[in-house]
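Given next are the chains, with one letter for each unit.
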Amino acid sequence: MLFSSLLFLFAFLPTVLLLNLVFKKNARNFLLLFFSLLFYAWGGVTDTLILIGSIIINHVLASRIVATDGMSRKRWLQIGIITNALIIISFKYLGFMAENLNLVFSSIGFAMEIPRIKIRLPLGISFFTFQQMSMLWDIYRQHDKRKLKLAETALYVSFFPQLIAGPIVRYHDIIDQIRNRVLSIDLFHSGVQRFIIGLFRKVILANTCAIIADEIMDLPVTELSTSVAWLGIVAYAFQIYFDFSGYSDMAIGIGRMLGFRILENFNFPYVSRSIQEFWRRWHMSLSTWFRDYVYIPLGGNRMGVARTYINLLTVFFLTGLWHGATWSFIFWGLFHGFFLVLERLGMNNLLDRLPRPISWSYTMLVVLVGWVFFRIEDFSSASNYVGLLFGLGESNPISVLQFVDREKLLVLAAAGLFSTTLPQLVLNWITTQLSKLGNWHQWPLELFKAAVLLLIVLSCAMYENADSYNPFIYFRF
């Protein structure tokens, strides 16, 4: 079930919100747990059994960490981390490992082939496994001796707004809200606004950009021109940003409507002037997860310059691998890691002195080239596409006008505008000016905002009804 589907918008979500208001405070967790499992089961009962099994295993492990001290406590943490790592490896990476081992055996003339077992990847397994690993870490670090309740653990892991595609919610950020949260009109109101903004980003911006990107990037490179190749990767950059940030906005909005405050996941990454800044703004829940649970435990930047760079490359190797079991994803991760190392070597000082347009152009060039390997999983095809971007290889004299019309051009322009902070700055300025006139002048702005939000909902519903739907990119991770 998609957040942008008519079933979710006009049946599932209103039902959950209504019952959340009707149910007493001590029963709301069980209500949300039931609907969270129902939401996940919509994608497959087998996946739900895997999720429930994972929750029970981690609840037992967390309970043992709480109940023990000293080395026993550390051993239970280690068992938990290894168990979760094995779970995600079994479902996501066994086939990739078998394929590459077979290539190695073949190259050395070893007459052995490991059979590839195709295992269906459960929805959102990377997200809910990482959340449970952070739960074990947080309980271990904080020495929290409060008794764990299975219902609370299960809701933390399966909470439907962020279950399938994040943000990755930390245990210590949400457990107190699960145990004791208060519904408020202001929080609900801000949640509705945030959800509708996310819906607009996904249905109008991301889906339209996806049409352009798919039409171009699914073609053989020999059928493209350099200008068309650039149009394709720019459209994909807008698609993945508004697809994922739109989902995050909707997740944050639903959370607020239900009384939760979920942390931000994006902060206008395409205004960045360095790759370091980009990763402070892009998928922040994943970036901080790797920083706190991988980079810092490896030693961070406390063990010398060489070790710092090794730690950085290790983190971004794992970041690429987290996204998918292909060499293109691994290269994408290491590609970003390489430029992070360059910037730490002193390039960041140069970027700070350069005019903003130049440092921004450098950042976007690195990001766009990286997105090619993220989008095209065959490494050779991705390399050829990058070559075409820079005028290398065969080029077909095809015009960009064959892939865009007035509506698509308008959406591309809107995507460019809304990937910057300008709309928010303009809105803040208008709000500030109206506030100087007194409170009674606020109602025209609120009425205008309500009308715009209603128009967005109706437009998105029309788009969905016209089958302009596109699955969320991050569902496959």
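For the structure itself, look to the data block above.
Trainee: Explain the environment of Ile52 to me, and be specific about the residues and the numbers.
Mentor: Counting through the fold element by element, Ile52 comes out in helix H3 (residues 45-67). Exposure remark for Ile52: the relative accessible area of 33% places this residue in the partly exposed category. Note: C-alpha distance between Ile52 and Met1 (51 residues apart in sequence) is 18 Å.

Trainee: Residues and numbers for the environment of Glu394, please.
Mentor: Mapped onto the secondary structure, Glu394 falls in the loop between helix H16 (379-389) and helix H17 (406-418). For the pair formed by Glu394 and Val221, sequence separation is 173 residues and the distance between their alpha carbons is 7.9 Å. Look past the residues within four positions of Glu394 in its chain and what remains in contact with it is Val221, Thr222, Leu224 and Leu388.

Trainee: Summarise helix H5 (residues 94-107); cite the residues concerned and give the values.
Mentor: Compared with the 20 Å implied by 1.5 Å per residue over 14 residues, the 20 Å span of H5 between its first and last C-alpha is a close match. Taken together, the buried positions of H5 are occupied by Gly95, Phe96, Ala98, Asn100, Asn102 and Phe105. Where the residues of H5 are buried, they touch helix H14 (327-353). One or two positions beyond H5, positive phi appears at Gly109, with a value near 75 degrees.

Trainee: I'd love a proper account of the packing of aromatic side chains, names of residues and values included.
Mentor: Across all of its chains, the model carries 52 aromatic pairs by this definition. Measuring from ring centre to ring centre gives 6.3 Å for Phe8 and Phe160, while their planes differ by 65 degrees; the resulting arrangement is edge-to-face. With Phe8 in helix H1 (residues 6-22) and Phe160 in the loop between helix H7 (150-158) and helix H8 (171-179), this residue pair connects regions lying 152 residues apart in the sequence. Comparing Phe8 with Phe160 shows no difference in burial state: the two are buried. Plain terms: the ring middles of Tyr241 and Phe266 are 5.9 Å apart, the flat faces sit at 70 degrees to each other, and that makes the pair edge-to-face. Linking Tyr241 in helix H10 (residues 226-257) with Phe266 in the loop between H10 and helix H11 (275-281), this pair joins segments that are 25 residues apart in sequence. Residue Tyr241 shares its accessibility class with Phe266, and that shared class is buried.

Trainee: Provide a residue-level description of the nonpolar core, including the pertinent values.
Mentor: Judged by nonpolar contacts, the single largest core of 139 residues is most densely connected at Phe8, Tyr270, Trp371 and Tyr385. Every residue in contact with Tyr385, bar those within four places of it in the chain, is listed here: Ile216, Met217, Val221, Leu224, Val228, Ala229, Gly232, Ile233, Val372 and Ile376.

Trainee: How would you explain the packing of helix H12 (residues 284-295) against helix H13 (residues 305-323) if you had to name every residue and give the values?
Mentor: Relative to each other, H12 and H13 sit at 130 degrees, their axes nearing to 11 Å. Judged by the angle between their axes, H12 and H13 are oblique. For the pair H12 and H13, the sense of crossing is right-handed. Each of Leu286, Phe290, Val294 and Tyr295 in H12 lies in contact with H13, whose residues at this interface are Thr308, Asn311, Leu312, Val315, Leu318, Thr319, Trp322 and His323. Partitioning the contact of H12 with H13 into residue classes produces eight nonpolar, four polar and no charged.

Trainee: Before we move on, could you go through the pattern of salt bridges and cite the residues and values that matter?
Mentor: Summed over the entire model, instances satisfying the criterion amount to eleven salt bridges. Here Asp292 and Arg170 are joined by a salt bridge, their closest N and O atoms 2.9 Å apart. Taken together, the residues Asp292 in helix H12 and Arg170 in the loop between H7 and H8 connect sequence positions 122 residues apart. There is no split in this pair, since Asp292 and Arg170 are both buried.

Trainee: Describe helix H2 (residues 28-41), and please don't skip the residues or the numbers.
Mentor: For H2, built from 14 residues, the straight-helix expectation of 20 Å at 1.5 Å per residue is met to within 8% by its first-to-last C-alpha distance of 20 Å. If you follow the buried residues of H2, they end up packed against H1, H3, helix H6 (125-142), H7 and H8.

Trainee: Tell me about unusual backbone geometry, residues and numbers included.
Mentor: For residues that are not glycine, phi is negative in most cases, and the peptide bond is trans in most cases. Phi is positive for Phe268, close to 50 degrees, though the residue is something other than glycine. Tracing the backbone through its elements, the reader meets Phe268 in the loop between H10 and H11. The exposure class assigned to Phe268 is buried, which follows from its relative accessible area of 19%. At His283, a position not held by glycine, the phi torsion is positive, near 40 degrees. By relative accessible area, which is 0% here, His283 ends up buried.

Trainee: Could you give an account of the packing of helix H15 (residues 356-375) against H16, naming the residues involved and the relevant values?
Mentor: Between H15 and H16, the least distance of the axes is 8 Å, while the angle of their chain directions is 150 degrees. By the angle between their directions, the pair H15 and H16 is classed as roughly antiparallel. For the pair H15 and H16, the sense of crossing is right-handed. The residues of H16 that touch H15, namely those facing Val369, Val372 and Phe373, are Phe379, Ala382, Ser383, Tyr385, Val386 and Leu389.

Conventions used here
- Residues numbered from 1 in each chain as written.
- Predicted model: local features only at pLDDT ≥ 70, side-chain atom pairs only at ≥ 80, totals over all residues.
- Heavy atoms only, no water.
- Helix = DSSP H or I, 4+ residues; strand = E, 2+ residues; numbered from the N terminus.
- Buried < 20%, exposed > 50% of the residue type's maximum accessible area, 1.4 Å probe, protein only.
- Contact = heavy atoms within 4.5 Å.
- Expected span 1.5 Å × (residues − 1).
- Phe/Tyr/Trp six-rings, centres within 6.5 Å; stacked < 30°, edge-to-face > 60°.
- Core = buried A, V, L, I, M, F, W, Y, C linked by side-chain atoms within 4.5 Å.
- Axes fitted to C-alpha atoms, helices over the stretch in contact; angles between N-to-C directions.
- Parallel < 35°, antiparallel > 145°, perpendicular 65-115°, else oblique.
- Left-handed = near helix turned anticlockwise from the far one by under 90°.
- Nonpolar A, V, L, I, M, F, W, Y, C, P; charged D, E, K, R; others polar.
- Salt bridge = Lys/Arg side-chain N within 4 Å of Asp/Glu carboxyl O.

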